Amino acid sequence: MENEYLRAEAKMMDSHGNTVLHALVLVADNSQENTKFIKAIYDRILKTTARLHSKMKLEEKENHSGLTPLKLAAKTGKIGIFSHILQREFHENHIKHLSRKFTEWVYGPVHSSLYDLSSVDSYENNSVLDILIYGSDIPNRHEMLEMEPLNCLLEDKWKKYGARMFLLNFLVYLVYLVIFTVVAYNKKDVKPPFPIEHNKLGYLYTSGQLLTLLANCYFFVIGIIDMKRKRPKLQTLLIDGYYEILFFVQGILFLASTALYLGRRQEYLGFLVMCLALSWVNVLYYSRGDRHMGIYSVMIQRMILSDILRFLFVYIVFLFGFSAAVVTLLIEPEVKNITSGRAGFYATIKPNEECVTPTYKNIPYTTLQLFKFTIGMGDMEFTQDYQYMEVFYVLLIAYIILTYILLLNMLIALMNRTVEKITIESTSIWRLQRAVTILDMEKRLPYCLKKTFRSGVEKKLGTALGEDQRRCFRVEGVNWNKWNTNLVNISEDPGCFDRSQLPDLDSPLRRLNRGRSWRGLFMESSRRKTSQSTEMRPLNV
């Protein structure tokens, strides 16, 4: 860029619209050495460009996909360069405008910093928060969301409006559940659709039906919108959760039940009760509002999608395999009364005949009996009059060993290992799922409320650009590794703070004072009689 014979233009782009900064993000691989090298080159290009072309905002240039280098780092999961760009701070005055982080004040271990929210806050379209939260193909996005200022920004949104909106949604859903349960329980014993009774109870029953229909139509439409935006995949359900899919299935079941109900089909009741059961299960979605219940819900989701699914696959293979073998093996004696047609497990041909219990020649019945053996409730009385009983006992013992002893104990062991493995990770996943909920609620807010609840403050920063006004978010933290440094340094103007003018912390004079205790510090402070505070002084005078 400074070659006088053939200068490289910093604003040059490739066929995808990527600048040199985009290219550096793309070649990063999150390794320690690579990240250190990319950071150094990235900062050097920024500084050189700012010196040669002071009005060029190279870092704000977007490629053809509408991504700046910061957004591209978030999209590709380059956590090393992403954290560097997000938390970059230059202390020299002539390049301070290139910073995204400004130290407001420091006192011992306590510090306060301002972070630039441009391209970060979800108030803007296609922001970093939107990319990370809805980018289900980003493998380490739950770790990236724990960085500052993203972590505190999401916490601020939750406290401002998220918690109250979430509680309101929970109460409304409880009202829907009560109405749905009462309507389903008080179904009429006539052929659907039920006639409308022109009295108070009849009108209430019809109103409950309509409200339940509207609620499930809402779940169906919102489910389509969420899946279109998030595009869930099987490998990402372990992190994102699958309650949105369950709400979508809940809406489908109720709509199917409604169609059968209007079509005068009695089968509507089967879809109705499945929808009712799933509606109560979906109450666990609202456990995201509490930390402990949310982490517990994450563990349940992980176990269902990993351990229990694998167990069920192997168990179903054993169950149907041994059921087919038992049905083929046993030859039952002839009986006078034989059930026929779609009579089920227990039926009679004529009203005056006695009921004939189905036997092991019936595959559904055999499957049910073997399942009972798995949980220790099997009954062997029906096998006394059959031939080849020895072979039957061999099959039964093998089945019990493989399922009751082996598979169930392996499931318990796998679930214990899963709990130990994801205990630490579950907190990050819970935060990610709550972040998804926060942004979903934010997108449903009207524009006036979005502007009211917008995070951050407008701040005028004294940089080389003059009146450099930005939307910033304040983050306060404590670092006890530096409890005995910066004890008398404070800056009230983050834009004018120049640390290069401060005395070296490692100088002999400063090193002599580092070992002082807090008691000695306060005793020395009490002996000083000056008009200016002895505990803190401005960084610039």
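Keep in mind it's a predicted model, so treat the numbers as computed, not measured.

**Student:** Lay out the UniProt feature "transmembrane region" (unreviewed entry) in the protein with the relevant residues and their values.
**Tutor:** Mapped onto the present numbering, the UniProt feature "transmembrane region" (unreviewed entry) falls at residues 166-185, 205-225, 245-262, 268-287, 308-331 and 391-414. Annotation note: span residues 245-262, helix share 100%, strand share 0%, distance between end C-alpha atoms 26 Å. A distance of 33 Å separates the end C-alpha atoms of residues 391-414, which is 100% helix and 0% strand.

**Student:** Just give me the short version of the packing of helix 7 (residues 150-185) against helix 11 (residues 268-281), but keep the residues and values in it.
**Tutor:** For any two helices packed against each other, one specifies the inter-axial angle together with the distance between the axes. Where helix 7 contacts helix 11, the axes come no closer than 11 Å and their chain directions differ by 150°. Looking at the two axes, helix 7 sits roughly antiparallel to helix 11. Two packed elements cross with a definite hand, and for helix 7 against helix 11 that hand is left-handed. Residue-level inspection shows Tyr173, Tyr176, Leu177, Phe180, Thr181 and Ala184 of helix 7 in contact with helix 11, the latter providing Leu272, Cys275, Leu276, Ser279 and Trp280. Each residue belonging to the contact of helix 7 with helix 11 can be placed in one class, and the counts come to 9 nonpolar, 2 polar and no charged.

**Student:** Before we move on, can you summarise helix 12 (residues 291-329) with the specific residues and values?
**Tutor:** Under the 1.5 Å per step criterion, the end-to-end length of helix 12 is 55 Å for 39 residues, consistent within 8% with the ideal 57 Å. Within helix 12, the axis deviates most sharply at Ile304, by approximately 40°. Between the side-chain oxygen of the N-cap and the backbone nitrogen of His292 there are 3.2 Å, and the N-cap of helix 12 in question is Asp290.

**Student:** Provide a residue-level description of the side chain of Thr437, including the pertinent values.
**Tutor:** Tracing the backbone shows Thr437 in helix 14 (residues 389-443). We classify Thr437 as buried; its relative accessible area is 2%. Reaching out from Thr437, the side chain makes a polar contact with the backbone oxygen of Gln433 at a distance of 3.1 Å. Those residues in contact with Thr437 that lie beyond four places of it in its chain are Phe166, Tyr285 and Arg288.

**Student:** Describe a nonpolar patch on the surface, and please don't skip the residues or the numbers.
**Tutor:** On the surface, Leu309, Leu312, Ile316 and Phe320 cluster together to form a nonpolar patch covering roughly 360 Å² of accessible area. Owing to a relative accessible area of 43%, Ile316 belongs among the partly exposed residues under this scheme.

**Student:** Describe the environment of Gly456, listing the residues and the values that go with them.
**Tutor:** Secondary-structure assignment places Gly456 in the loop between helix 15 (447-452) and strand 3 (457-463). In this view, Gly456 contacts Leu117, Arg471, Cys472 and Phe473; residues no more than four positions away in its chain are not counted.

**Student:** Would you mind going over the packing of helix 8 (residues 200-230) against helix 10 (residues 243-262) in detail, with residue names and values included?
**Tutor:** Packing of helix 8 against helix 10 leaves a shortest axis separation of 8 Å and a crossing angle of 135°. Judged by the inter-axis angle, helix 8 sits oblique to helix 10. Crossing geometry of helix 8 relative to helix 10 is assigned as left-handed. When helix 8 is examined against helix 10, the residues Gln209, Thr212, Leu213, Asn216, Cys217, Phe219, Phe220, Gly223, Ile224, Asp226, Met227 and Lys230 are found in contact with a partner set consisting of Glu244, Ile245, Phe247, Phe248, Gln250, Gly251, Ile252, Phe254, Leu255, Thr258 and Tyr261. When the residues that make up the contact of helix 8 with helix 10 are grouped by side-chain class, the tally is 13 nonpolar, 7 polar and 3 charged.

**Student:** Talk me through the pattern of salt bridges; I want residue IDs and the actual numbers.
**Tutor:** For the structure on display, the rule yields 15 salt bridges. Close ionic contact of Glu155 with Arg434 constitutes a salt bridge, the shortest N to O distance being 2.7 Å. Of this pair, Glu155 sits in helix 7 while Arg434 sits in helix 14, and the two are 279 residues apart along the sequence. Given the relative accessible area of 9%, Arg434 is considered buried. In this structure, Glu442 engages Lys157 in a salt bridge whose closest nitrogen and oxygen atoms are separated by 3.0 Å. Linking Glu442 in helix 14 with Lys157 in helix 7, this pair joins segments that are 285 residues apart in sequence. The same class applies to Glu442 and to Lys157, which are both buried.

**Student:** Give me the lowdown on the pairing of strand 1 (residues 101-107), citing residues and values where you can.
**Tutor:** For strand 1, a buried count of 6 out of 7 residues is recorded, marking the element as mostly surrounded by other parts of the structure. Sheet topology places strand 1 next to strand 2 (residues 110-116); 6 bridges connect them, and they run antiparallel. Its bridge partner being in strand 2, Val106 is matched across the sheet by His111. Hairpin geometry of strand 1 and strand 2 is characterised by an intervening segment of 2 residues between the two adjacent antiparallel strands and by a positive phi of about 60° at Gly108.

Here is what the cut-offs are and how they apply
- Residues numbered from 1 in each chain as written.
- Predicted model: local features only at pLDDT ≥ 70, side-chain atom pairs only at ≥ 80, totals over all residues.
- Heavy atoms only, no water.
- UniProt positions renumbered as here; feature names shortened; annotations may be inferred.
- Helix = DSSP H or I, 4+ residues; strand = E, 2+ residues; numbered from the N terminus.
- Axes fitted to C-alpha atoms, helices over the stretch in contact; angles between N-to-C directions.
- Parallel < 35°, antiparallel > 145°, perpendicular 65-115°, else oblique.
- Left-handed = near helix turned anticlockwise from the far one by under 90°.
- Contact = heavy atoms within 4.5 Å.
- Nonpolar A, V, L, I, M, F, W, Y, C, P; charged D, E, K, R; others polar.
- Expected span 1.5 Å × (residues − 1).
- Bend = angle between axes of the 7 residues up to and from the residue.
- Polar contact = N/O pair within 3.5 Å; in protein donor to acceptor, adjacent residues only side chain to side chain.
- Buried < 20%, exposed > 50% of the residue type's maximum accessible area, 1.4 Å probe, protein only.
- Patch = residues over 30% accessible without salt bridge, like charges linked within 9 Å, V, L, I, M, F, W, Y side chains within 5 Å.
- Areas by Shrake-Rupley, 256 points an atom, 1.4 Å probe, with all protein chains shown as cover.
- Salt bridge = Lys/Arg side-chain N within 4 Å of Asp/Glu carboxyl O.
- Pairing = 2+ DSSP bridges.

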